Every structure is written in structure tokens, then in C-alpha cells.
Amino acid sequence: MIKKVSVVLTIVAWVGVVRPLGAAVEPPQNVILIGWDGAQREHVEQCLARKELPSLQRLMDQGKYVKIDVEGTTDTKAGWSQILTGYYPQVTGVYSNSRFGPVPRGLSIFERLENNFGTDKFVTVAVIGKKQHCGEINPPQKIRLDEEGQQQSDAKAGKNKKKARKAGANAQPGAGRKPQGTIVEENGIKYRVIPGSPYYGMHTALDVWEFGLMEDQKVGSRAIELLDKYKDKPFFFFVHFAEVDHSGHKYGENSKQYNDALISNDLWTGRIMDKIQELGLAQRTQVYVTADHGFNEDAKGHSFAPYVFLATNNKAVSRDGRRQDIAPTIYEALEVDAVKFQPRLDGISLTQPDNRPPARLGPAKRARQAAQPAEEPHRPDVVFVPTPQEVVDRMLELAQVTKDDVVYDLGCGDGRIVVTAAKKYGCRAYGYDVDPRRIKESQENVNKNGVGALATIQQKDIFTLDLSQANVITLYLLPSLNVKLIPQLEKLKPGSRIVSHDSDMKGVTPDRMVTDVGYGHTIYLWTTPLKKQPQTE
């Protein structure tokens, strides 16, 4: 039996398709997204030429095969987060296997389909091969370093050796080191803070979420069992095969084991397709097979492996695309109105024309910037994602806001922090944003809540703003933008408080950090003067 195979993503949809002109496509009711994790496009095409992948060929004969290029990091966390949401990492917070956090609640395809069709009328399922980087649902952690050190000492002294041996035997190839997290100090005690996994917030929305199955046979068999169970309701399945990626890390991309793993992925993809046929669902189900990243040629890694593929029986698919285009294609097939989504999707359905500049196969930040319309001279530095109200309340509570404070919200979005500060604490509150759409929304929110006497909204560049009149600053920016603000923040009066949603400030030690607020959010608090960390060479 093959022991290593890459991830396959199968999607089955039971809803109508928005059809481009001239495309005769029957609306599906189910979607199965099958992931072949780590499947390099060139190697897949070589296998197709040798007729080693008959199931993939059958799917292509029913629909389409297109090339998918990866913008951003070519690894598992970044890949599946982008595919399962349709967003760049600036929205999801998932940049790579080592830089990540929980995807904000409500942005995954699972949650949006459940919300659109109703949790009692639509089924969502995820059956995942990997133990790490795809599927794990670890909450944010805050570990005392002295306790962590004792555990390490116990391990060195021979305690828990059996447990360690077992963990080593079951290790996932290519998983790398566990997240190192951030070291913070509170009341003289040092902690290691590790972010929650990308899937921590979304997994509770599904009817079934299973991960760590490792072997294709276990993944495929379980998916077939669940198809039997849920055959009478419309559904979306995500079926993830991991052996290709595992074989690549262990033996290399050009190895026989890697090739055999692709054949194994294809075998189980075919069995899933056969099950759909047996259940009489073939005419009502769309299947999509894709990969999160490829593999470096003749190597055991995928540091730059941006060439993957999509095969589907959706005949309306008409062009090559990018990872973030897959979710919009599925929404369109199921007749879900994705235009109303906030924030707007970064991807474009693969059935629609694509007038974007060529894909930027490099850092995700550059890729997103390249995708922005050139005619807008001053774009926001971050995509607007609303802070959940429970996080807003906790931020202002942590900052110990009173009626005598002056609150500045830098990047005010829809104005909810400004409105809450004015309404709940009776203090002066100012919201600043560079985006005129956000300014309009914020002002409408101020007017609706009757706090115009206390709340002020202005369109200004936060990086040129004089902050000296404020004594509470609220932030929901990227970590790099927090760092950019340090020179301005250092001019605040002593005792001023700065609170940040989810993003730290590299080089500055927070006074407090509160984890697991709401669905996996973190809040950082700094007081002035800032406690800058000594620079290390």
C-alpha cells in the first residue's frame, strides 16, 4: 500500500449554477472539493500523458482542466486557507505554515454555505489526511516558560520517553517544528503565546470535521461512508489526501513513491466519483480536484512551487486562474450571491473574464498590491475586516477607558469602536481612515447611534497624524503597520494606553496580552512609555 500521497480536494454542489453566455451547464446541488496536497502540475501532466491517472482524465473529459498559479507562500496553511475562503492572507491572517492565526469567523466556504442554505438543510463535511497544517483545530495557547522548561527537563531525564517515541513514529513528513510563538512578560512572569490554528474558528460550523487520517485509504473510505450517510441532503465535501505531499518530503518529487502517491490519489478520487454515480447523484454533483502547492523540481520541499491545477466536471470553467479563484467558482455554481460578501472576495470565478495583471508569483503582500486598481492613488494599507463587537468591548475594557479619556481609532472601518467608546463611556472618540467608503459608513454609524456630540470621523492618513491629544489608541492593523506607528506612539503622554486586535508590535513588549477572546482572538495592551526590547544582531 502506498504510504504517502498529496492532498486532493473534491467539491460536490447541489444548487444552481450561474451560467455564462453560451455555456449549457445544468445546475448542481452538491459540490465535492478534493485536495491532492503537494501535487506538482508538471508531474501530474506527465502522469496523465502516461495514462496513470484515469480518474482525473475521466473528470477532465466531463468538464475542464485548467492551470492554477499560486500567489503568496507555497505551503499548506497558506494554500488551503486561500482556497477555502477566496481571500489573500491580509484578510485571513494566514501567510504561511509559520505565520498564521485563526481565520476570522464567517469567512470560510463551509460557514457561508451553511449560512446561505440553512444549517438544517445543507450538510458540510471535511475529511482531512494531515495532522498538521491542514485540519488541526488548536486553540490559542499561553504557556508559562518556567512550566515549559520543567516539561523539557522531564523529557531529558527520561520521563515520557514512551510518549515521545510514539509521537516520533507517527510524525507527519514535512511538518517542521511546532510554532515557536511570541514571548511576552506579564507581572514578572514570562509566557510563550502561540496563535490558534487557521481552522480553529471555522470547524464548529460543519456537520463533520475529521483530520489526521494520514493514509489515502482511510480518507477515501471515510468520505464514501459519509456520502452514504448524507446522500439525501445537498452537501459540500472537502476531501483532503496527504500522501503525495508526505512522499515528496520523504523521498523527493521525482521519486517512485511520489508518483505512486499521485496514482493513489487518483484511485480514491475515482472511487468517490463511482460512489456518487452509485447513489444517483452524478447529474447533481460537481467535483473539483486541486492542490494547495506544487513541489520543487526533483527536491524534497516546496519553497517556491507555485504551479498547480484544477480539474472539474463544471463545463462552465473557461480559463486558467489562481488559488483564490476556486471559492468564487463554487459559490457561483451554487448560485450563492457572493457580491454581497464583506470583505469582497479577492478571487474571480473561473467562468468569468479575468482582466487582472499577471499573477505575481512571490510574496503575498506584493501579489495583493498588484491586484488593486491602479486608478486609486491612495489605497488602504489593510483590507477592512470588522472587529467583532465582543472584541471591541474587551479592548476598551482592557484599556480602562473613562469619560475623561480621548480615544483615537486608527483605521476606523465602520466606526464601531468610536461609537462604542462614546456611547458606553461618554468620552471623546475620533476615528481616522483613508478609505472614503469607510468614512461614509462610520459617519452613518455615528449618526444612527446619536453620538455626534462626542464622536468625530475624519479621512486622514494615520501615518502622518499627530497623536499627542489622545491617551487611548485602538488598532486593528498588520503587525508591520503597528511597527511603522512606533515613532508616533512614542510621543504619546506617559500612561497612555494602546490596544491592538490580533497584531503584536515587534520590538515592543506588551504589558498584557489576553488570548482566546471570542473565537480565538488576541488583544495586546501597551502603556507609554513603550517598553522597547534591546536589539539583537
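Below you will find a few notes about this structure. (Residues numbered from 1 in each chain as written. Predicted model: local features only at pLDDT ≥ 70, side-chain atom pairs only at ≥ 80, totals over all residues. Heavy atoms only, no water.)

1. Some words on the nonpolar core
Ile-32, Trp-36, Leu-56, Phe-110, Phe-236, Phe-238 and Ile-272 are the most contacted members of the largest nonpolar core, which has 85 residues in total. For this core, the element with the most residues is helix α10 (residues 256–278), which contributes seven residues. In contact with Ile-272, not counting residues within four places along its chain, are Ile-32, Ile-34, Ala-223, Ile-224, Leu-227, Val-239 and Phe-241. Counting residues in hydrophobic clusters, the runner-up holds 30 residues, among them Tyr-95, Tyr-430, Ala-470 and Leu-489. (Core = buried A, V, L, I, M, F, W, Y, C linked by side-chain atoms within 4.5 Å. Buried < 20%, exposed > 50% of the residue type's maximum accessible area, 1.4 Å probe, protein only. Helix = DSSP H or I, 4+ residues; strand = E, 2+ residues; numbered from the N terminus. Contact = heavy atoms within 4.5 Å.)

2. Notes on the packing of aromatic side chains
Within the structure shown, the criterion is met by 15 aromatic pairs. Ring geometry for Phe-110 against Trp-209: centres 5.8 Å apart, planes inclined by 75°, an arrangement best described as edge-to-face. Separated by 99 residues along the polypeptide, Phe-110 in helix α5 (residues 109–117) and Trp-209 in strand β8 (residues 208–210) bring together distant segments of the chain. An identical accessibility class is assigned to Phe-110 and Trp-209; each is buried. (Phe/Tyr/Trp six-rings, centres within 6.5 Å; stacked < 30°, edge-to-face > 60°.)

3. Some points on helix α2 (residues 54–62)
The complete set of buried residues in α2 reads Ser-55, Leu-56, Leu-59 and Met-60. Buried positions in α2, seen along its axis, are confined to an arc of 140° and lie on one side of it. For α2, the exposed residues lying more than 90 degrees away from the buried face are Pro-54 and Asp-61. Its buried side turned inward, α2 meets β2 (30–36), α1 (41–49), β3 (64–69), α10, β10 (285–290) and β11 (307–312). (Arc of directions from axis to C-beta.)

4. Some details on the sheet that holds strand β6 (residues 182–186)
Judged by pairing direction, the sheet is antiparallel, and its three strands sit side by side in the order β5-β7-β6 without closing on themselves. One side of each edge strand has no neighbouring strand; the edge strands of this open sheet are β5 (141–144) and β6. Ignoring strand direction, the axes of neighbouring strands in this sheet form an average angle of 35°. As paired elements, β6 and strand β7 (residues 189–194) share five bridges and run antiparallel to each other. The residue bridging Val-184 from the neighbouring strand is Tyr-191, located in β7. (Pairing = 2+ DSSP bridges. Axes fitted to C-alpha atoms, helices over the stretch in contact; angles between N-to-C directions.)

5. As for unusual backbone geometry
Between Gln-342 and the following residue, Pro-343, the backbone shows a cis peptide bond with an omega angle of -5°. That bond from Thr-528 to Pro-529 is cis: its omega, 0°, falls within 30 degrees of zero. Along the chain, Pro-529 turns up in the segment after β19 (521–527). Non-glycine residue His-133 carries a positive phi angle of around 80°. Note on placement: His-133 falls in the loop between β4 (123–128) and β5. Positive phi values are uncommon outside glycine, yet Asp-502 reaches one of about 75°. Its relative accessible area of 32% is what places Asp-502 among the partly exposed residues.

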